[in-house]
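Remarks on the overall topology
So you can see what is in the structure, the chains are spelled out below.
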Amino acid sequence: SQWGEENLQALSIQEGEDVTMNCSYKTYTTVVHWYRQDSGRGPALIILIRSNEREKRSGRLRATLDTSSQSSSLSITAAQCEDTAVYFCATDWEGTGSKLSFGKGAKLTVSP
Amino acid sequence: EAAVTQSPRNKVAVTGGKVTLSCNQTNNHNNMYWYRQDTGHGLRLIHYSYGAGSTEKGDIPDGYKASRPSQENFSLILELATPSQTSVYFCASGDAGWGGFAEQFFGPGTRLTVL
């Protein structure tokens, strides 16, 4: 498997709190995708970070990538109820430019 | 307007029956993908395609066939459905991208139950 040992994480927080989700991978990659999946819908890309970026921000989202430890994180600042979703990281570990391998995901629930 | 659509959205099939899941994209992307999603496994790639007439095996192709008759359409075929194929199936499209930068756009999913 391309992924470190992990099970589907379940995170529950209150509105306004910050949260960080992590993923670790076993094979070198030049980019990590983070997708979000709302209940009953397909995943959608929310942020993509390249190996030369280390950190990338988009609104309340912040992604980091540490190629030396082969890990990435996604942080959400001041979470809101509408952030409730499952979050996946994905990599192109075969370097094909076309295939992605998805982690098992983190289910985030934000309560009012 | 939705760029990746799937049909049917829900399907109940009998063991041993043939099931065809259809996907259509209006993104004009070269690449299309079929995934299945099961609790505890995330998204797993079944088959994918680089363009009309091409199909490639993904990570879990056993028991599935794929067909790409045109740029827009990509089908997943279960010739002899089994209960272990009960799952939610997602189609996606994307451009070929060097270095893994190509975003994939997903359809809404098809929930398949094999009894």
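Everything below is about the structure shown above.
Described below are features of the structure shown in this document. (Residues numbered from 1 in each chain as written. Chains lettered and ligands numbered in written order. Predicted model: local features only at pLDDT ≥ 70, side-chain atom pairs only at ≥ 80, totals over all residues. Heavy atoms only, no water.)

A word on the sheet that holds strand 3 (residues 19-25) of chain B
All names here are of chain B.
- Read across the sheet, 4 strands follow the order 1-3-8-7 without closing on themselves; strand pairing throughout is antiparallel. Each end of this open sheet is capped by a strand with a single partner; those strands are strand 1 (4-7) and strand 7 (65-67). Between one strand axis and the next, the sheet turns through 20° on average, direction left out of account.
- Both strand 1 and strand 3 contribute to a ladder of 4 bridges, which runs antiparallel. The partner of Gln6 across the bridge, within strand 3, is Cys23. (Pairing = 2+ DSSP bridges. Helix = DSSP H or I, 4+ residues; strand = E, 2+ residues; numbered from the N terminus. Axes fitted to C-alpha atoms, helices over the stretch in contact; angles between N-to-C directions.)

A few points about the pairing of strand 8 (residues 73-78) of chain B
Residue and element names in this part refer to chain B.
- In terms of residue burial, strand 8 counts as a mostly covered element, since 5 of its 6 residues are buried.
- In terms of strand pairing, strand 3 meets strand 8 through 6 bridges, oriented antiparallel. Within strand 8, the residue paired with Leu21 across the bridge is Leu76.
- In this sheet, strand 8 lies alongside strand 7 in antiparallel orientation, the contact comprising 3 bridges. Following the sheet pairing, Ala66 is matched in strand 8 by Leu76.
- Connecting the antiparallel pair strand 7 and strand 8 is a turn made up of 5 residues. (Buried < 20%, exposed > 50% of the residue type's maximum accessible area, 1.4 Å probe, protein only.)

Section: the interface of chain B and chain A
- The interface is formed by 26 residues belonging to chain B together with 21 residues belonging to chain A.
- Overall, the association of chain B and chain A removes approximately 1,900 Å² of surface from exposure, summing both partners, and the carbon and sulfur fraction of that is 54%.
- Remark: the boundary between chain B and chain A carries 0 salt bridges.
- The interface formed by chain B and chain A contains 2 residue pairs in polar contact (both at pLDDT 80 or more).
- Those elements that provide at least two residues to the side of chain B that touches chain A are strand 4 (31-38), strand 5 (42-49) and strand 10 (104-106) of chain B.
- Per-class residue counts for the side of chain B that touches chain A are 12 nonpolar, 10 polar and 4 charged. (Contact = heavy atoms within 4.5 Å. Buried area = accessible area lost by both parts, 1.4 Å probe. Salt bridge = Lys/Arg side-chain N within 4 Å of Asp/Glu carboxyl O. Polar contact = N/O pair within 3.5 Å; in protein donor to acceptor, adjacent residues only side chain to side chain. Nonpolar A, V, L, I, M, F, W, Y, C, P; charged D, E, K, R; others polar.)

Notes on the sheet that holds strand 6 (residues 61-66) of chain A
All names here are of chain A.
- The strand order 2-7-6-5 describes an open sheet built from 4 strands, whose pairing is antiparallel. Two strands lie at the open edges of the sheet, namely strand 2 (19-24) and strand 5 (55-58), each paired on one side alone. When the angles between neighbouring strand axes are averaged without regard to direction, this sheet yields 15°.
- For strand 6 and strand 7 (residues 71-76), the ladder comprises 6 bridges, and the chain directions are antiparallel. In the strand pairing of strand 7, Leu61 is matched with Ile76.

Observations regarding the packing of aromatic side chains
- Applying the stated criterion across every chain yields a total of 11 aromatic pairs over all chains.
- Between Phe102(A) and Tyr35(B) the ring centres are 5.5 Å apart and the planes differ by 90°, which places this aromatic pair in the edge-to-face class. Remark: Tyr35(B) occurs in strand 4 and Phe102(A) occurs in strand 9 (residues 101-102); the pair is interchain, linking two chains. Tyr35(B) shares its class with Phe102(A); the two are buried. (Phe/Tyr/Trp six-rings, centres within 6.5 Å; stacked < 30°, edge-to-face > 60°.)

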